[in-house]
Amino acid sequence: MTGARRLWGGAARTGLVWGAVAVFLALVGMVEAFAGRQIIAGVVSLGLTLLFLTGLASGYQAARLRPDGHATLALLRGALAGTAAGAAVAGLVIAGRLLNLRRVFVSASPTLFALLSLDQGAGGAYLPVAAGAAAGALGAAGPLLTGRARRPLLLGLGSVLALGLFQDLLDPVLRATAAGMAVRDALFADQGLSVSGALIAFLVVGGGSAVWAGQGATVREWVLQLPASPRTALRLLALGLGTVLLLLLPLGAGPFLSMVLVLVGLYTLMGLGLNLEVGFAGLLDLGFVAFFAIGAYTVGLLTAAGGLAIAQFSFWTAVPIAVAVSLIAGVILGVPVLRIRGDYLAIATLGFGEIVRLLVLSDFLRPWLGGSQGVLGIPKPALFGFELRGPEQLFYLTLAASVLVAFVAMRLRDSRLGRAWMALREDEDVAEAMGINLVNVKLLAYGLGAACAGLSGAIFAVMVGSVFPHSFQLLISINVLALIIVGGMGSMPGVVVGALFLVGLPELLREFAEFRFLVYGAALVLMMQLRPEGLWPTAVIRRELHESQRAVDSQPAG
Amino acid sequence: MQPTWLWKLSFVDLSLWAFRAAVMVLVAWGTVGTLAAATYSGETWIELFVFGLSQGSVYALIALGYTMVYGILRMINFAHGEVFMSGAYTAYFVAEALASTGALNRNPIPSLLAVLAVSMATSTLVALLLERIAYRPLWRAPRLVPLISAIGASFFLQYAFRGLYGSGFKAYPEAEILRGKWIIAGVSVLRSQAVVVVAAVLMMLGLYAFVMRTRTGTAMRAVSEDREVAALMGIDVDRVIVVTFAVGAAMAGAAGFLYALVFKQVHFFMGFVPGIKAFTAAVLGGIGNIPGAMLGGLFLGLFESVGPILILDGLGIVAPYQLKDVITFTMLVMVLIFRPSGILGERLAVKKA
Amino acid sequence: MALLTSRNLTKRFGGLVALNELDLEVEEQSVHSIIGPNGAGKTTFFNLVTGFYEPEAGEIRFNGVQIDGLRPDLITRQGIARTYQNIRLFANMTALENILVGMHPHLQSTWIGTVVRSPSTRREETSATRAAQDLLYFVGLQGRGDFLAKNLPYGAQRRLEIARALASRPKLLLLDEPTAGMTSGETVETMAFIRRLREELGLTILLIEHNMRVVMEVSDRVTVLDYGEKIAEGQPGEVQKNARVIEAYLGRRKWGRAAEAEDA
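Keep in mind that what you see is a predicted model, and the values were worked out from it rather than measured.

Draft legend 1. Representation of the overall build of chain B. A tally of helices and strands in chain B yields 14 helices and four strands. Scaling as 2.2 N^0.38, a compact globule of 353 residues should have a C-alpha radius of gyration of about 20 Å, and chain B matches this with 22 Å. Its C-alpha atoms give chain B principal-axis dimensions of about 85 × 60 × 40 Å. Going through the 353 residues of chain B one by one, you find that 55% of them count as buried. Total accessible area on chain B stands at roughly 15000 Å², and carbon and sulfur atoms take up 68% of it.

Draft legend 2. Representation of the interface of chain B and chain A in the model. Listed as interface residues are 57 residues of chain B and, on the opposing side, 51 residues of chain A. The three residues of chain B that bury the most area against chain A are Ile-148, Phe-155 and Leu-164 of chain B, which together make up 13% of that side's buried surface. The interface formed by chain B and chain A includes two salt bridges. Between the two partners, chain B and chain A, sit six residue pairs in polar contact (both at pLDDT 80 or more). Among the elements that line the side of chain B that touches chain A, the one with the most residues is helix α7 (residues 144-165) of chain B, at 16 residues.

Draft legend 3. Geometry of the sheet that holds strand β5 (residues 65-66) of chain C. Residue and element names in this part refer to chain C. The strand order β2-β1-β4-β5 describes an open sheet built from four strands, whose pairing is antiparallel. Each edge of the open sheet is held by one strand with a lone partner, namely β2 (16-27) and β5. Relative to strand β4 (residues 57-62), strand β1 (residues 2-13) runs antiparallel, the two sharing five bridges. What sits directly across from Leu-4, in β4, is Phe-62. On top of the sheet, helix α1 (residues 42-49) reaches β1, β2 and β4; it is set at about 115 degrees to β1, its chief contact.

Draft legend 4. Structural detail: the nonpolar core. Counting residues in each nonpolar core, the largest one holds 297 residues, and the members touching the most others are Leu-116 and Trp-421 of chain A, Leu-61 of chain B together with Phe-45 of chain C. At 18 residues, the largest contribution of residues to this core is made by helix α11 (residues 237-263) of chain B. Aside from chain neighbours lying at most four places away, what touches Leu-61 of chain B is Ala-200, Met-203, Met-204, Met-251, Ala-252, Ala-254, Ala-255 and Leu-258 of chain B. The next biggest cluster of nonpolar side chains, apart from the first, holds 36 residues, and it includes Ala-95, Met-103, Leu-135 and Leu-197 of chain C.

Draft legend 5. Layout of the interface of chain C and chain A. Chain C puts 32 residues into the contact, and the matching count from chain A is 30 residues. Between chain C and chain A we count three salt bridges in total. In this structure, Glu-125 of chain C and Arg-419 of chain A form a salt bridge, with 3.1 Å as the shortest nitrogen-oxygen distance. The tally of links between chain C and chain A comes to eleven residue pairs in polar contact (both at pLDDT 80 or more). Counting residues per element, the ones that place at least two in the side of chain C that touches chain A are α2 (72-78), α3 (95-102) and α4 (111-116) of chain C.

Draft legend 6. A look at the domain arrangement of chain A. All names here are of chain A. On domain assignment, one finds that chain A holds domain 1 (1-144) and domain 2 (241-550). Taken together, the contact pairs eight residues of domain 1 with five residues of domain 2. Taken together, the two surfaces of domain 1 and domain 2 that pack against each other cover about 520 Å², and 80% of this comes from carbon and sulfur. In terms of surface lost to domain 2, no three residues of domain 1 exceed Met-30, Phe-34 and Arg-37, which account for 65% of the buried area on that side. Our count for the domain 1 to domain 2 interface comes out at zero residue pairs in polar contact (both at pLDDT 80 or more). The greatest single-element share of the side of domain 1 that touches domain 2, amounting to three residues, is contributed by helix α2 (residues 30-35).

Conventions we followed
Residues numbered from 1 in each chain as written. Chains lettered and ligands numbered in written order. Predicted model: local features only at pLDDT ≥ 70, side-chain atom pairs only at ≥ 80, totals over all residues. Heavy atoms only, no water. Helix = DSSP H or I, 4+ residues; strand = E, 2+ residues; numbered from the N terminus. Rg over C-alpha atoms; globule rule 2.2 N^0.38 Å. Buried < 20%, exposed > 50% of the residue type's maximum accessible area, 1.4 Å probe, protein only. Areas by Shrake-Rupley, 256 points an atom, 1.4 Å probe, with all protein chains shown as cover. Contact = heavy atoms within 4.5 Å. Buried area = accessible area lost by both parts, 1.4 Å probe. Salt bridge = Lys/Arg side-chain N within 4 Å of Asp/Glu carboxyl O. Polar contact = N/O pair within 3.5 Å; in protein donor to acceptor, adjacent residues only side chain to side chain. Pairing = 2+ DSSP bridges. Axes fitted to C-alpha atoms, helices over the stretch in contact; angles between N-to-C directions. Core = buried A, V, L, I, M, F, W, Y, C linked by side-chain atoms within 4.5 Å. Domains from an automatic or database assignment.

This is the structure we're talking about:
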């Protein structure tokens, strides 16, 4: 009896927590800001989808309170939780009508309350409750579905959401060709997917996934049964196809997407560099942006047309110098922190990063570095008389640099130096007792890492055409560290994945700029709890997780 | 074979020694230059001094939170600056309401106490949520994981408050009794700054008494000494951690209120820089060391206020106040390099073999 | 001639004297054991020899060279290697990588050579890997080179730690309680292994051990420490009968202040 009561109480509590989340989303301004974004034209907006998702989540969680329980009861629990969540939103609507919440909460506008009560005026307060109950029951139905049905359903809905979200990006790409135009007309209305388009997308993706669930295993088996040489050929084919696609990417993507890709590339470069320090050698560095700045300023001062320039080199002469200067700077700033460990190291390097930025920004060094005005008029690089003008062309430069750095990093990882770095990461004292000269090994990590950042900064300088101190905030260091961890510590593909997720995705969702860091922060917190090993962990860690999973599986039940 | 004494004379020691000597020479050179030029009157110095003290007491109060949490969890609560911001920002609305009804000037002391209470309560609430949601699940994770979580939480809180309260600066209403100056021992002092210093000192004394005299305080010290042993002694470690976060946050909330008295405006990003400064203060005093954080904060505030003119002006650097943070960070780096145990020393010994 | 000599060696932690004016000589190609109650200063002595600590007074000579206060990596390059009381392998590296790290001082490749994969680097990597495989075989871990160190069973971890120490081709090997936590069967194997180390590799071995049976059977010479002082030294049989030793072990077995210092 008390068990049942606790269960229902738990469901109500779950609902209230998600209700609080919904109220937060409303008050923080997301619901209203996203309401303008139609996922399916005239039917569903992103703002309401967000609220509906909290209802779904509450129902799902409430149903999972007792996973093996009775189905009807689970549905009822879900509905209860959804009702509670809806009630919280309704409470907000009523409070908004009675009080002037706007004195405190800037987003608590009449538009918001109209939205929440679906334009039904004061009488509409019951609507969130009803919608919540429905969403909760739906969410509770989730765990009841078999995996076979759930996957296509989720993928179908997910693809509708993604298509609606990225419509603006896809639009110019699709318009470029006649076939694309036809796809566009079939799927999209002016704002968001058309109803039929949404249905098509849902059916195609969901159906495709259902078919794959049936046939995928056979295909995989077929590939595995192939003898070695065709399999290698198949893999090479896939690799070649991938390379060609990557090379053609900017042509189809247009300037904006290319720009985003260049940014992802620049962060990948920095990530690969920082990965040498943090991922391989375990040296935490939060001042990494300093070397990015040093690379950028070196190129700026060596190539710019303005009065600050000290030379008029070509880009190709300036880049090696910039890389060398960054490398040396990395070593020099590495010396004082050689004996600092762990968290302290992070803070000390953070200090150095800030010192560099503040010095560059100051009037004191203005005659040499331009102060807050920065260095202007950096010419675009030319290759064989061909100017790398826009992001489409610079993409190739970034790609080439990333491939080069990744190659170097890969070779280093499996070498004497790489092993010394790893030993250092695992146990600094024992590493030293193994005859490893900590000074050399650490300074190499700092220097090589900084060189990568310098290279990235050099490309950044020509991309923007000018360098300002404001481009070198602490935020960049934090971003780079975060992308390494989100990708998976020490994993090089992980760096690319991390850059795509933490730099690419937010750039693409730029219109939600105001909430970019809100989502980013929440994502980091969630990620550390749900997947602390990263999105693409190193092979060693993957095997480790696999082994421990097997150990859990093989334990006797009960 | 090389003589062995040569091996001992390491290149690292030499460069560190050179670095230290260079900084010292610069500091001495600048100070002598400034004092010899005598551009600034005694009054200016006193003003700078008092301002430095009041700013330092704000740092000190924030630093307590860093130091206490680090002492117990060995973790840098990167979002602590945001805890400080949340209190000050939320309390703004109370202060504003009190000012618009006239209560702030009619009953200034209860009104100010109410604002202080709201600030402390909000910060505490935010810190408890932070601990529950972002940190507690990560107890046993590798050290980098909570740090990233804390960085994420810091972003989240900044932009959550921006979304909730708006992105502009908000001017804190000022109570009439805190306007103007007092003459204390022949020295005229801004009232608001004097109140801030006194209030901060009272808070710190209270906290010190709490940690040294109460049962909970004793439990906190025990846990920071050795968590496992404390747990074996029957101390509820989870509860102690929660209390630590709460107490540290309450101090940060109080700091938020005092900050508003001195600087008279709030903003969603206001926690970031003072957060880093307060962390510096905590390191300066020896992280994990409560009196150290207090001293470190006061010292940092003073140095930041007096330092740019005292040192940089004499070096002939234009616009020395632009470089005040350079001074702070240089000090941070120097302490980490040369005396990582801080001014008062850290209790935890570095374990080697 | 003595391979390792300490004269007048003193180490203090605050007010506590962990090691007091210790004179010790370890003969070449001998197995020399250091015994004593917990906190007697045994591990402190190891930490001084390997450069983890700097002594307050006295000197240590190895092969005629003064090594006290030298950086640990340079001491290792002189030909001293050690294992740890609580195993300290590089947990997230494979067994093979652990051994390759041990070979670090003898490898020459530079980072540039690695990046361009110069012939000499490639040759060196191949031969190093082969040597590491041989070492795995020598300690009976053949076929387990790809295991992460932390996933190996306890006894295998102890042996891997010894293999890693051997990889630096030491003249002197310091073993800190190699049989701690072992079953009696494993202990017997370890004893045989220690003898092999001396006979096949010609090593000098300095051993900290609590198991008296091991000490009595493998040692050529035994030094007994108590509260940082040498209270007896001699052949195993002599030491066993020494009255002060018996007193130290049975009379006033104290655990406490001194034991803490040893762990610090």
